[in-house]
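Survey of secondary and tertiary structure
Each chain, written out:
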Amino acid sequence: RPLRGRTGAVEKRVTISTRATQKDVSEITDPQKLLSTVKQLSEKMNEFSTNSQAWTPAEKDAWRAEYSNLVDTVAIPALSFASANLIVSTAFFVAILTLLNKSGRGFEDVTSLIEGIPLFGENISRALAKNLDSGVGNGILALVLVDLLAPLVVAAAAIITPLLSPWYAEKLENIRNTLEQR
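Keep in mind that this is a model prediction, so the values were computed, not measured.

Looking at the environment of Ile-114
- Within the fold, Ile-114 resides in helix H4 (residues 107-115).
- Once the C-alpha coordinates of Ile-114 and Arg-126 are considered, the two residues, 12 residues apart in sequence, prove to be 9.5 Å apart.
- When residues no more than four places from it in sequence are discounted, the contact partners of Ile-114 are Gly-121, Glu-122, Ile-124, Ser-125 and Leu-128.

Right, here's the structure in full:
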């Protein structure tokens, strides 16, 4: 299916990146890998903008092939999954925080539970109640719950990752085209 009337490279790139995201999501869940991907893309773009004037057509074609391979196999899947993970994590956090705040449950219940711990529970409960507002406590509790729900968050992110891939494919293709027009 063409993207906004385009065919060819962008369409092919979307198909490849969608297969890559479905193949192994665990390879792109590492934030260090995402940063490495962004760095590699930046270096490729910098290489083109600084050196391409002196390149032969064959060298430009080689660079284009390397860039396309990097975009297809690494950049689109990593950026798509990271974005999907951020979207899903944020949605879960907001939903949980809203439920905790609207229900009146949450932080107060946790401090009550801690109070029942022998020897030090009462002191911890008193310190928490004195130093933390209920809204902040619910926020912390929502973060902990999102972390505990990480397998569900990752699964949901994996499901929506292919929906984001075409957008990244188009943007990265536009960047390449802009670089080549300079």
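Description of H4
- Taken together, the buried positions of H4 are occupied by Phe-107, Thr-111 and Ile-114. The buried residues of H4 occupy one face: seen down the axis, they fall within an arc of 60 degrees.
- Considering only its buried residues, H4 is in contact with helix H5 (121-131) and helix H6 (134-148).

What to know about the packing of aromatic side chains
- Evaluated as defined, the whole model comprises four aromatic pairs.
- Summarising the aromatic geometry, the rings of Phe-48 and Trp-63 are spaced 4.4 Å apart at their centres and angled 40 degrees between planes, so their arrangement reads as tilted. Here Trp-63 lies in helix H3 (residues 57-103) and Phe-48 lies in helix H2 (residues 31-51), a separation of 15 residues in the sequence. Each member of the pair, Phe-48 as well as Trp-63, carries the same accessibility label: buried.
- The interplanar angle of 15 degrees and the centroid separation of 5.1 Å between the aromatic rings of Trp-63 and Tyr-67 together place this pair among those described as stacked. Residue Trp-63 and its partner Tyr-67 are located together in helix H3, separated by four residues, close to a single helical turn.

Notes on the environment of Ser-36
- On the secondary structure map, Ser-36 appears in helix H2.
- Accessibility expressed as a relative area gives 36% for Ser-36, which makes it partly exposed.
- Between the C-alpha atom of Ser-36 and that of Ala-78, which follows or precedes it by 42 residues, the distance is 10.0 Å.

Thresholds, definitions, all that
- Residues numbered from 1 in each chain as written.
- Predicted model: local features only at pLDDT ≥ 70, side-chain atom pairs only at ≥ 80, totals over all residues.
- Heavy atoms only, no water.
- Helix = DSSP H or I, 4+ residues; strand = E, 2+ residues; numbered from the N terminus.
- Contact = heavy atoms within 4.5 Å.
- Buried < 20%, exposed > 50% of the residue type's maximum accessible area, 1.4 Å probe, protein only.
- Arc of directions from axis to C-beta.
- Phe/Tyr/Trp six-rings, centres within 6.5 Å; stacked < 30°, edge-to-face > 60°.

Any link to function would need more than the numbers given here.
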